[in-house]
Amino acid sequence: MLGFLFQRVLQAAAVIVVMSVVVFIGVYAIGNPIDVMIDPAADQKLRAALIARYGLDQPLVVQYFYFAKNVLSGDLGESMVYRLPVMQLILSRFPATLELALSAMVIATVVGIPLGIWAGYRPDAMSSKVIMGLSVLGFSVPTFWVGLLLILAFAVEIGILPSGGRGTVGTLFGIPTSLATWDGIQHLILPALNLSLFKMGLLIRLTRAGMQEAMSADYVRFARAQGLGDGEVIFRHVLKNIAIPIVTVFGLEFGSTLAFAVVTETIFNWPGMGKLIIDSIITLDRPVMVAYLILVVFLFVVINLVVDLAYGQLDPRIRTRGAS
Amino acid sequence: MSALVVENLQTEFVTRAGTLRAVDGVSFSVEKGRILGLVGESGSGKSVTGYSILGLIEPPGRIAGGRVLLDGVDLIALKPGELRRMRGARVAMVFQDPMMTLNPVLTVGSQMAMAVRAHDKVSQRAALARARDALAVVGIPSPAERLEAYPHQLSGGMRQRVAIATALLHRPAVIIADEPTTALDVSIQGQILAEVRRLADETGTAFVWITHDLAVISSLADDLCVMYAGRVVERGPAAAVIAEPAHPYTAGLLASVPSLHEPGTPLPQIPGSAPSLGRLPAGCRFRDRCTRADAACTADPPAVAAGFDREVLCHHPLVRA
């Protein structure tokens, strides 16, 4: 188990190094941030001074070397626009995105998995067909459009929920979050629902497919032959067997929601990381872009590690392989 | 007295091609502590008969008629909830492939404890203790440790013993075994058969042993039922049926068993193949493949007595009482 963890951490480190090089080169290739930053009327001397100050006159390899050295000492640089340490900037936005992503995943899971179980258990029922039809809508209708409809319906027409922004932020277990106040929760409902629809559709279909396959398996028939009821068969025999694809997709979706909730954050004016990265791309704020992308890679690596550990918990056959 | 009586059982499947009757009027009975071999080719309806007894036929299949009497109670007439309480407790089942039968992600102990607690309100600890005892009964060494094992950590023979132990947990009157040794090595097969014989004798459990392997069943069963195309074509004490088959199909099956055949000569085969359920010939269903068939065989064959407690469904049986 420890050996497995160690191996995975090494792999993760390698992925992060490779990604940092790719990101650095990619960002280096897209124009000169100084031209965006300074007054077009500024003279050549000032321009050259600024370029030298940010080290942009150095060869790429040298720039990367300095960047890597700073990162290793915990310094991701300073935003060229906000004049703040990048880490502080990103972390100030992170809780908003995290609570949005978490709420969306919770909604998708709590609604999607039970619906998927039902649709797989009674595939011919009318209700199952309705569920499956809605799930297709869930992941084929564009997020921005659904977001606009939600605002139109709940904020404009019915007027029971706010149309955007993050509400009052309270503290829960020492963490600043909107979940601590009723106003905050009201602000969270629409964007979280909007963000959850795609994942909900995905989870419904995955769960149903797993259920349908598992319900005709011999071990289910054997469990029934022992006199177990359908509830026990589903919740104690089947669910653990079909959990691996569900957990995999859950992990990937959670990662991509954290990293790329841009559309929803923009529509609902949610002050999360997605808006930060779009702003920094527009203003060519290199340190923010680089740090953000590396943070995203880091998040994915961590989530995948957790998912891999979950596999071992769910399936003993994987556990034995990992240990040997 | 009979532990299980099956009377005129009919199970059909509704398909686009029409309603197919996989089991067409099957009747037999098993005495306490005895082993009945239900023999036939693939598609003869023997497994469907087994599932029908436990009420495990799923749509588009359904039981169209007949009675399954267990201690005088008709299982077919029971409500789903009542039937569930009988399953596992009074009548249990063991399946062909032991790797597929046990849930791969749960320990042997937790699966068996679940089966115990499906019928008896006991603590998890008590359930595990019963599971351990059941494993010991089927000859599994160090049963307490095996409870912690996952199915993939056990050999095929061991897994099948676990399945049999699970079936035995509630001391059912009848165990239906659907080709339980087909997927196993010959040596392991022998051990399991000996174990089953011992269990039947000691616990009084009646077994219905479904198989296509006449060589195996001839050494195990007390009685035989030979099925062909959804019907029982011959029924009687195993020794008598093997020694002197009355139905031409039984004779053909016995002749094509390699171990019962003289080495060095070509193995006889039954010509043709089993008819599909959608295109059964009228009258005797075996007549297209039968060397003794004549014009009389286009009519439904009569049940003819063929010796002590023997019956054969044939116009021209090889043996008559």
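Remember, it's a predicted structure, so these values are computed and weren't measured experimentally.

Student: Describe the pairing of strand β1 (residues 2-15) of chain B, naming the residues involved and giving the relevant values.
Tutor: Residues and elements named next belong to chain B. Both β1 and strand β2 (residues 18-31) contribute to a ladder of eleven bridges, which runs antiparallel. When the sheet's bridge partners are listed, T11 is paired in β2 with V23. Remark: two residues form the turn of the hairpin made by β1 and β2, two consecutive strands paired antiparallel. In this structure, β1 lies alongside strand β4 (residues 61-70), joined through eight bridges in antiparallel fashion. Across the sheet, the residue bridging to E12 is R62, located in β4.

Student: Lay out the packing of aromatic side chains with the relevant residues and their values.
Tutor: All chains considered together, the criterion is met by 13 aromatic pairs over all chains. Ring pairs connect the aromatic residues F24(A), Y64(A) and F67(A), which therefore count as one cluster. The ring of Y121(A) has R122(A) sitting right over it, with the charged end atom 4.2 Å from the ring centre. Across from the ring centre of Y51(B), 3.9 Å away, lies the NZ or CZ of R221(A), which sits over that ring.

Student: Explain the nonpolar core to me, using residue names and the numbers behind them.
Tutor: Of all hydrophobic cores here, the largest spans 94 residues; its most connected members are L4(B), F28(B), M112(B), V174(B), I176(B), V208(B) and W209(B). Setting aside chain neighbours within four positions, we find V208(B) in contact with L4(B), F28(B), V30(B), L36(B), L38(B), V174(B), I175(B), I176(B) and A177(B). I113(A), A217(A), V233(A) and I234(A) belong to the second-largest nonpolar core, a separate cluster that totals 23 residues.

Student: Which residues make up the sheet that holds strand β9 (residues 223-228) of chain B, and what values do they have?
Tutor: Residue and element names in this part refer to chain B. Read across the sheet, eight strands follow the order β6-β7-β8-β3-β9-β10-β12-β11 without closing on themselves; strand pairing throughout is mixed. Where the open sheet ends on each side, the last strands, each with one partner, are β6 (91-94) and β11 (303-305). Strand after strand, the sheet turns through a mean of 20° between neighbouring axes, direction not considered. Of the strands in this sheet, β3 (35-39), β9 and β10 (231-237) are in contact with helix α11 (residues 248-255), which crosses β9 at around 105°.

Student: Any details on the interface of chain B and chain A? Residues and values, ideally.
Tutor: Taken residue by residue, the interface counts 27 residues in chain B and 20 residues in chain A. Interface area, chain B with chain A, both sides summed: about 2,300 Å², of which 60% is carbon and sulfur. A per-residue breakdown of the area chain B buries against chain A is headed by V105(B), M114(B) and H152(B), which together make up 25% of the total. Along the contact surface separating chain B from chain A lie one salt bridge. In this structure, the salt-bridge partner of R224(A) is E58(B), at a minimum N-O distance of 2.7 Å. Put simply, chain B and chain A have ten residue pairs in polar contact (both at pLDDT 80 or more) between them. Mapped by element, the contributors of at least two residues to the side of chain B that touches chain A are α1 (46-54), β6, α3 (98-101), α4 (108-117) and α7 (156-168) of chain B. Looking at the side of chain B that touches chain A, its residues break down into 17 nonpolar, seven polar and three charged.

Student: Residue-level account of the packing of helix α6 (residues 126-140) of chain A against helix α8 (residues 182-215) of chain A, with values.
Tutor: All names here are of chain A. Where α6 meets α8, the axes come as close as 7 Å, and the angle between the chain directions of the two elements is 135°. When the axes of α6 and α8 are compared, the pair comes out oblique. Once α6 is placed against α8, the crossing between them reads as left-handed. Contacts between α6 and α8 involve I131, M132, S135, V136, G138 and F139 from the first element and L197, F198, G201, L202, I204, R205 and R208 from the second.

Student: I'd like to hear about the environment of T250(B), residue by residue, with values.
Tutor: Residue and element names in this part refer to chain B. Within the secondary structure, T250 is located in helix α11. Taking the C-alpha atoms as reference, T250 lies 9.4 Å from V39; in sequence the two are 211 residues apart. With residues near it in sequence (within four places) discarded, T250 still touches V226, E234, V241 and P245.

Student: Run through α6(A), naming residues and quoting values.
Tutor: Residue and element names in this part refer to chain A. Between the first and last C-alpha of α6 there are 22 Å, a value that for 15 residues agrees with the 21 Å anticipated at 1.5 Å per step. All of the buried residues along α6 are S128, I131, M132, S135 and G138. All buried residues of α6 fall inside an arc of 110° around its axis, so they share one side. Pointing more than 90 degrees away from the buried face of α6 are the exposed residues M126 and L134.

Student: Can you explain a nonpolar patch on the surface? Please cite residues and give values.
Tutor: All names here are of chain A. The grouping of F144, W145, L148, L149, L152, V156 and V263 at the surface amounts to a nonpolar patch, some 660 Å² of accessible area in total. Take the nonpolar patch: its biggest share by element is six residues, from helix α7 (residues 143-157). Residue placement: L152 occurs in helix α7. Taking the relative accessible area as the measure of exposure, L152 reaches 46% and is therefore partly exposed.

Student: Which residues make up the layout of surface pockets, and what values go with them?
Tutor: Vacant regions in the atomic arrangement are exposed by a probe of water-molecule size rolled over the atoms. Space inside the largest pocket adds up to approximately 1,100 Å³. As for the largest pocket, its lining consists of 35 residues, and the residues nearest its centre are R122(A), R224(A), I57(B), E58(B) and P59(B). Elements with a minimum of two residues in the lining of the largest pocket: α5 (86-121), α8 and α9 (218-225) of chain A together with α1, β4 and α2 (80-86) of chain B. By residue class, the composition of the lining of the largest pocket is 17 nonpolar, seven polar and eleven charged. The computed volume of the second largest pocket comes to approximately 550 Å³. Elements supplying a minimum of two residues to the lining of the second largest pocket: α1 (2-28), α4 (60-72) and α13 (286-314) of chain A. Looking at the lining of the second largest pocket element by element, the count peaks at four residues for α4(A). Here the lining of the second largest pocket is built from residues that sort into eleven nonpolar, six polar and four charged.

How each quantity is defined
Within any chain, residue numbers begin from 1 and follow the written order of that chain's sequence. Here every chain gets a letter starting at A, and every ligand a number starting at 1, in the order they are written. For a predicted model such as this one, the threshold for reporting local features is a pLDDT of at least 70, and the threshold for listing and counting side-chain atom pairs is 80 or more; totals across whole chains, interfaces and linings nevertheless cover every residue. To get the side-chain values, take all heavy atoms of the structure and skip hydrogens and water. Strand pairing follows a simple DSSP-based rule, namely that at least 2 bridges must link the two strands. The way it works is that DSSP assigns letters per residue, a run of H or I at least four long becomes a helix, a run of E at least two long becomes a strand, and they are numbered from the N terminus. Note on ring pairs: Phe, Tyr and Trp rings are taken, using the six-membered ring of Trp, and paired if centres are within 6.5 Å. Classes follow the plane angle, with under 30 degrees stacked, over 60 edge-to-face and the rest tilted. For a Lys NZ or an Arg CZ to count as sitting over a ring, it must be within 6 Å of the ring centre and within 35 degrees of the ring normal. Here, nonpolar core means buried Ala, Val, Leu, Ile, Met, Phe, Trp, Tyr and Cys residues that are tied together by side-chain atoms lying within 4.5 Å of each other. Here's how the labels work: a residue is buried when its accessible area is under 20% of the maximum for its type, exposed when over 50%, partly exposed in between, all with a 1.4 Å probe on protein chains only. Residues are treated as being in contact if the distance between any of their heavy atoms lies within 4.5 Å. Axis lines are fitted through C-alpha atoms, for helices just across the contact stretch, and the angle between N-to-C directions can take any value from 0 to 180 degrees. By buried area we mean the combined loss of accessible area, with a 1.4 Å probe, across both parts when two parts are placed together. Counted as salt bridges are all cases of a side-chain nitrogen of Lys or Arg within 4 Å of a carboxyl oxygen of Asp or Glu. Identification of polar contacts relies on pairs of N or O atoms within 3.5 Å, with a donor-acceptor requirement for protein atoms, meaning one able to donate a hydrogen and the other able to accept it, and with residues adjacent in sequence counted only if both atoms are side-chain atoms. Polar here means any residue outside two lists: the nonpolar Ala, Val, Leu, Ile, Met, Phe, Trp, Tyr, Cys and Pro, and the charged Asp, Glu, Lys and Arg; Gly therefore counts as polar. Any angle that falls under 35 degrees is termed roughly parallel, while one over 145 is termed roughly antiparallel, one within 65 to 115 roughly perpendicular, and all others oblique. For any helix crossing, the convention is left-handed if the near helix is rotated counterclockwise from the far helix by under a right angle, and right-handed if that rotation is clockwise. Each helix should span, by expectation, one fewer than its residue count multiplied by 1.5 Å. In this description, one arc is meant: the one made by directions from the helix axis to the C-beta atoms. Patch membership requires over 30% relative accessible area and the absence of a salt bridge. Like charges are linked within 9 Å, and nonpolar side chains (Val, Leu, Ile, Met, Phe, Trp, Tyr) within 5 Å. Note that accessible areas follow from Shrake-Rupley with a 1.4 Å probe, and for residues the cover is restricted to the protein chains shown. Lining residues are those with an atom within 4 Å of a point, where the points come from a 1 Å grid over the protein atoms alone and group into cavities, where a 1.4 Å probe fits but cannot get out, or pockets, open sets with protein on both sides within 12 Å along at least five of seven lines. Grid points are joined across faces, edges and corners, and a volume is the space filled by probe spheres set on the points.

Shape is all these values report; function is a separate question.
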